[in-house]
Amino acid sequence: MGNCDEVGASSKQYGVTKPISKAGPTVADIQRTKELEKFLVDSGLYESEEEAAKRVEVLHRLGQVLKSWVKMLTRRRGYTDQMVEDANAVIFTFGSYRLGVHGPGADLDTLCIGPSYVNREEDFFFVLHDILANMEEITELQPIPDAHVPVMKFKFDGISIDLLYASISCLVVRDDLDIADVSILQNIDEPTVRSLNGCRVADQILKLVPNVQNFRTTLRCLKFWAKRRGVYSNVTGFLGGVNLALLVARVCQLYPNAIPSMLVSRFFRVYTQWRWPNPVMLCPIEENELGFSVWDPRKNPRDRTHHMPIITPAYPCMNSSYNVSTSTLRVMMEQFQYSNKICGEVELNKAQWTALFEPYAFFESYKNYLQVDIVAADVDDLRAWKGWVESRLRQLTLMIERDTFGKLQCHPYPYEYMDMSRQCAHSAFFMGLQRKSGEIVQEGQQFDIRGTVDEFRHSVNMYMFWKPGMDIYVSHVRRRQIPSYVFPEGYKRSRQSRPTGQLDNPHKSSHEDISGTEHCERNPKRKYVDKVGVKQDIVVKKQFSVPMDSFARSRLSMGFSGLTADMHNSGHDMIERTKSPESDTECASNSSVVTSLTSDGGSCEDVGSTQIAVSVEDHKGVDGTIRGRFHDTACGIHSVPLVENEVARGNEVLQNELQQHLEPSQMPGMVLNSKGSINSDAVQKPIIRRLTPCAMK
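Residue indices begin from 1 for each chain and proceed along its sequence in written order. Per-residue local features of the predicted model are confined to residues with pLDDT of at least 70, and side-chain atom pairs are confined, for both listing and counting, to 80 or more; whole-chain, interface and lining totals are unaffected and use all residues. The side-chain figures draw on all heavy atoms in the structure; neither hydrogens nor water molecules are used.

Honestly, the overall build of the protein chain in this entry has me stumped. Any pointers?
Helix numbering and strand numbering both begin at the N terminus, where a helix is a DSSP run of H or I of at least 4 residues and a strand a DSSP run of E of at least 2. Each helix and strand in the protein chain was counted, giving 14 helices and 18 strands. The proportion of buried residues among the 697 residues of the protein chain is 58%. Counting only contacts in the protein chain whose residues sit at least 6 apart along the sequence, the fraction spanning at least 24 positions is 75%. Of the roughly 28900 Å² of accessible surface on the protein chain, a fraction of 51% belongs to carbon and sulfur atoms. Any residue under 20% of the maximum accessible area for its type is buried, any over 50% is exposed, and the rest in between are partly exposed; the area is computed with a 1.4 Å probe on protein chains only. In this analysis, two residues are considered to be in contact whenever any of their non-hydrogen atoms come within 4.5 Å of each other. Accessible areas in this description were obtained via Shrake-Rupley with a 1.4 Å probe; residue shielding takes into account the shown protein chains only.

Okay, here's the thing in structure tokens:
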């Protein structure tokens with residue numbers, strides 16, 4: 001936990017710009033930090049001494065297994081007895097464990113570095129896999145060789161482990177290997193570079209922050225916040241551990257003498273105003289004669305499409321948040337704004353820290369959802385199948401954005417739910433849907449995303465390890481139809497008058513007209529195909545659902561084109577029990593699947609119940625910020641700061657000592673251009689944004 005009594009006063013500059021403020025804590029800041037640290041302890045975010053000791057023991061035992069594996073392969077390949085004796089593998093940690101912010105039950109991210117003659121494709125994913133599979137201590141073994149960073153997942157004596165492998169260009173790997181030395185990257189491929197960079201980035205982050213302990217406490221706090229608010233998942237397009245660590249580290253650089261309570265507040269203040277896609281960087285981007293590609297939107301067209309660049313500090317510098325989409329950035333900006341307001345109230349003693357960590361009421365925040373049900377023959381098959389589908393959910397968000405020209409916004413929720421009453425192994429993900437704020441809607445306008453869902457399911461079904469029984473169903477459900485198993489107590493909570501953390505939608509219509517035709521189709525990979533038609537609201541393919549007793553008033557009849565459903569009420573869903581021909585697994589389905597969103601007389605109907613509003617005048621809002629691209633900005637030694645004067649309206653985040661200015665309200669950003677070279681000061685110029693004092697209540 002952070003030390004409240006000692007504040008670093010080093011004159012060293014951290015980062016690529018000067019700090020926003022070098023001010024240290026007040027007595028009130030010290031007290032708030034103590035309260036925050038107590039809250040983190042009471043919330044169970046620190047592991048026990050027993051669990052910490054067990055992790056160390058498991059790491060040691062895993063290291064012994066890896067060394068024996070390399071020695072065995074060395075002997076098999078006919079090397080001398082001396083080579084067999086010297087053969088070695090070194091294990092490193094990275095992620096939350098290496099950064100010192102892991103909690104109870106957290107995954108242990110590990111990297112095995114082996115010699116040049118031990119490869120990943122066969123030796124790691126086949127030989128080592130078989131060794132681990134035969135060990136009693138190893139459970140839930142799952143190789144993922146085709147991941148962006150190839151990984152083997154398993155539990156070792158109950159400890160969850162993600163194991164990467166990197167083969168470097170030397171015959172003997174020394175125990176004192178310096179992984180920070182750039183020469184380790186010689187003569188290796190890009191997947192190996194990505195595997196090595198997890199450790200290299202973690203080490204660089206710890207070197208680039210003014211106070212490691214304050215950084216750790218702040219990061220631990222914000223990881224907990226991100227999980228509670230539903231924005232912690234790199235694979236879904238939100239923030240992962242590395243992304244958050246880099247964002248927190250940058251705030252630590254901008255406020256070098258701040259302590260955790262101050263840094264948490266400044267985190268939301270900074271990133272609420274950050275002008276994406278200007279990148280967050282901890283140090284200059286460096287080129288190297290090794291020739292690996294680095295993040296540079298001037299040279300790489302793909303880099304220009306990134307919405308929220310957060311650049312890693314180790315060569316080769318990469319964007320760690322390339323998964324972020326327009327929709328997920330919108331959701332994160334909304335959460336930043338909400339939390340910025342809460343922190344302001346905490347600083348004014350109008351709220352407690354607990355308010356910042358209130359769980360996000362996702363199932364009360366939208367009127368319409370997509371439900372993605374994943375089923376398999378058994379738990380082991382489901383684990384592999386679910387991992388693949390989850391890694392593709394981001395593509396569904398992008399496809400919907402593409403096919404509706406950004407007018408239908410998606411909010412993927414990064415948590416899975418299981419219906420334990422099902423006879424088949426089951427997991428479900430959900431996605432909130434709403435119209436884009438401010439869109440003019442014509443009468444009868446619909447969003448038909450049946451083709452989009454078909455394309456998504458086709459891409460998912462390309463899974464090379466598919467087995468009979470593995471299936472996916474995508475369905476549209478209304479808020480009132482959300483299955484009870486998603487709620488902690490097993491029942492649906494009553495709807496609040498306004499969901500927590502949501503801003504009022506000035507464009508929301510008071511009228512909703514639902515109409516459409518529903519349609520059900522079994523997975524196109526199967527021989528068995530059903531078709532169903534029903535009146536509803538956003539056009540999607542029907543797939544899966546909840547127990548049979550729901551909506552009993554529906555009647556089914558067989559038609560020429562397949563199975564059709566005629567509902568007594570358009571608001572009710574069709575019920576069907578389906579059975580996969582390849583499996584005896586039987587699952588009930590009930591969702592409204594072909595739906596279309598319509599509006600009367602051009603009224604602007606918001607499919608969801610919330611929208612984002614910006615409290616600064618003369619600003620285009622979050623969507624305006626998201627739409628900004630690199631071609632309007634400049635990068636290089638000739639870049640100039642972007643200066644804006646904006647008036648805060650109802651800004652409740654300023655505390656007493658900030659009545660005159662926002663400490664001088666500098667916003668670090670970056671100006672990009674197609675000319676010039678990358679320079680530390682020019683790459684990330686300060687953006688000065690003055691806020692007028694708010695009226696104190």
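Here the narrative resumes, following the displayed structure.
What's the story with the sheet that holds strand 7 (residues 408-412) in this structure? I'm lost.
Neighbouring strands of a sheet are bound in pairs by backbone hydrogen bonds; such pairs are parallel or else antiparallel. The antiparallel open sheet is built from 4 strands, whose spatial order is 7-8-6-9. Of all strands in the sheet, those bounded by a partner on one side alone are strand 7 and strand 9 (471-478). Across the sheet, the mean angle separating the axes of adjacent strands is 25° when strand polarity is ignored. By the convention used here, strands pair only if DSSP detects at least 2 bridges between them. Here, axes are lines fitted to C-alpha atoms. For helices the fit covers the stretch in contact, and angles between N-to-C directions go from 0 to 180 degrees.

Just checking my understanding: could you explain the pairing of strand 8 (residues 425-435) for this structure?
Within a regular strand, the side chains alternate between the two sheet faces. Of all the 11 residues making up strand 8, 11 are buried; the element is thus mostly covered by neighbouring parts of the structure. On strand 8, burial covers both faces: A425, S427, F429, M431, L433 and R435 on one face and H426, A428, F430, G432 and Q434 on the other are all buried. Looking at chain direction, strand 6 (residues 368-376) and strand 8 are connected through 9 bridges and run antiparallel. Across the sheet, residue V372 finds its bridge partner in strand 8, namely F429.

Whenever I open this one, the sheet that holds strand 3 (residues 138-144) confuses me. Can you help?
Reading across from one edge, 1-2-5-4-3 is the order of the 5 strands in this open sheet, with mixed pairing throughout. Pairing within the sheet leaves two strands with one partner each, and these edge strands are strand 1 (90-94) and strand 3. Recorded for the sheet is a direction-independent mean angle of 25° between the axes of neighbouring strands. When strand 1 meets strand 2 (residues 108-114), the two strands line up antiparallel, connected through 5 bridges. By the bridge assignment for strand 2, I91 is matched with C112. This element, helix 2 (residues 49-76), spans strand 1, strand 2, strand 4 (151-156) and strand 5 (159-167) of the sheet and lies at about 35° to strand 5.

So what exactly am I meant to see when it comes to the nonpolar core here?
Nonpolar side chains tend toward joint burial in soluble globular proteins. Only buried residues count toward a nonpolar core. Its members are Ala, Val, Leu, Ile, Met, Phe, Trp, Tyr and Cys residues joined through side-chain atoms within 4.5 Å. Core analysis: the largest hydrophobic core is formed by 66 residues, its most contacted members being F215, F267 and Y271. Where this core is concerned, the elements lending two or more residues are helix 1 (27-42), helix 6 (190-207), helix 7 (212-228), helix 8 (241-254), helix 9 (260-273) and helix 10 (326-347). Apart from the residues lying within four places of it in its own chain, the contact partners of F215 are L99, I205, L206, V209, A245, V248, A249 and C252. One finds L59, A89, V118 and F156 within the second-largest nonpolar core, a separate group that totals 30 residues.

How should helix 12 (residues 450-460) be read in this particular structure?
Given 3.6 residues to a turn, an α-helix orients residues that are three or four positions apart in the same direction. Listed in full, the buried residues belonging to helix 12 are T452, V453, F456, R457, S459 and V460. One side of helix 12 carries all its buried residues, which in axial view fall inside an arc of 160°. Relevant arc is that of directions from the helix axis to the C-beta atoms, nothing else.

When you look at the packing of aromatic side chains in this model, what are you seeing that I'm missing?
Within a pair of aromatic rings, the relevant descriptors are the distance that separates the centres and the angle that separates the planes. Under the pairing criterion, centres of Phe, Tyr and Trp rings, with the six-membered ring standing for Trp, must be within 6.5 Å; the plane angle then separates stacked pairs below 30 degrees from edge-to-face pairs above 60, leaving the rest tilted. Following the criterion strictly, the structure yields 35 aromatic pairs and no others. An aromatic cluster of three or more residues is present, and its members are Y360, F362, F363, Y366, Y369, Y413, Y415, Y417, F430 and F487. A cation over a ring is seen here: K227 above Y232, with NZ or CZ 5.1 Å from the ring centre. A cation over an aromatic ring shows up here: R266 above the ring of Y255, its NZ or CZ 5.7 Å from the ring centre. In our convention, an over-ring charge means Lys NZ or Arg CZ found within 6 Å of a ring centre and within 35 degrees of that ring's normal.

So what exactly am I meant to see when it comes to the packing of helix 7 against helix 8 here?
What describes two packed helices is the angle between their axes and the distance between those same axes. The contact between helix 7 and helix 8 brings their axes to 10 Å, and the two run at 135°. Judged on the interaxial angle alone, helix 8 and helix 7 are oblique. Considering the relative orientation of helix 7 and helix 8, their crossing is right-handed. Residue-level contacts link F215, T218, L219, L222, K223 and A226 of helix 7 to L244, A245, V248, A249 and C252 of helix 8. For the contact of helix 7 with helix 8, the per-class residue count stands at 9 nonpolar, 1 polar and 1 charged. For this classification, under 35 degrees means roughly parallel, over 145 means roughly antiparallel, 65 to 115 means roughly perpendicular, and everything else is oblique. The hand of a helix crossing depends on one turn: near helix anticlockwise from the far one by less than a right angle means left-handed, and clockwise means right-handed. Amino acid classes used here: Ala, Val, Leu, Ile, Met, Phe, Trp, Tyr, Cys and Pro are nonpolar; Asp, Glu, Lys and Arg are charged; the rest, including Gly, are polar.

Sorry, what's going on with the side chain of H102 here?
One can find H102 in the loop between helix 4 (95-99) and strand 2. Of the residues examined, H102 reaches a relative accessible area of 13% and is grouped as buried. In this structure, H102 is in contact with L45, E47, R55, S96, Y97 and R220, ignoring residues within four places of it in sequence.

Honestly, the packing of helix 8 against helix 9 in this entry has me stumped. Any pointers?
For the pair helix 8 and helix 9, interaxial distance at closest approach is 9 Å and the crossing angle is 100°. When the axis of helix 8 is compared with that of helix 9, the two are roughly perpendicular. Note on element contacts: helix 9 touches helix 8 through L263, R266, F267 and Y271, opposite L244, L247, V248, R250, V251 and C252. Looking at side-chain class alone, the contact of helix 8 with helix 9 contains 8 nonpolar, no polar and 2 charged residues.

Just checking my understanding: could you explain the pattern of salt bridges for this structure?
Any two side chains of opposite charge can pair, given that their charged atoms come close. We define a salt bridge as a contact between a side-chain nitrogen of Lys or Arg and a carboxyl oxygen of Asp or Glu at a distance within 4 Å. For the coordinates displayed, the defined rule picks out 27 salt bridges. Across the pair R32 and D29 runs a salt bridge, and its minimum N-O distance is 2.9 Å. With a gap of 3 residues between them, R32 and D29 both fall in helix 1, about one helical turn apart. The two residues R32 and D29 agree in class, both being buried. Taking the shortest distance from any N to any O, the salt bridge between R422 and D419 comes out at 3.5 Å. Residue classification places D419 among the buried positions, given a relative accessible area of 9%. Salt bridges here are not isolated pairs; linked through shared partners, they connect E57, R61, E137 and D157.

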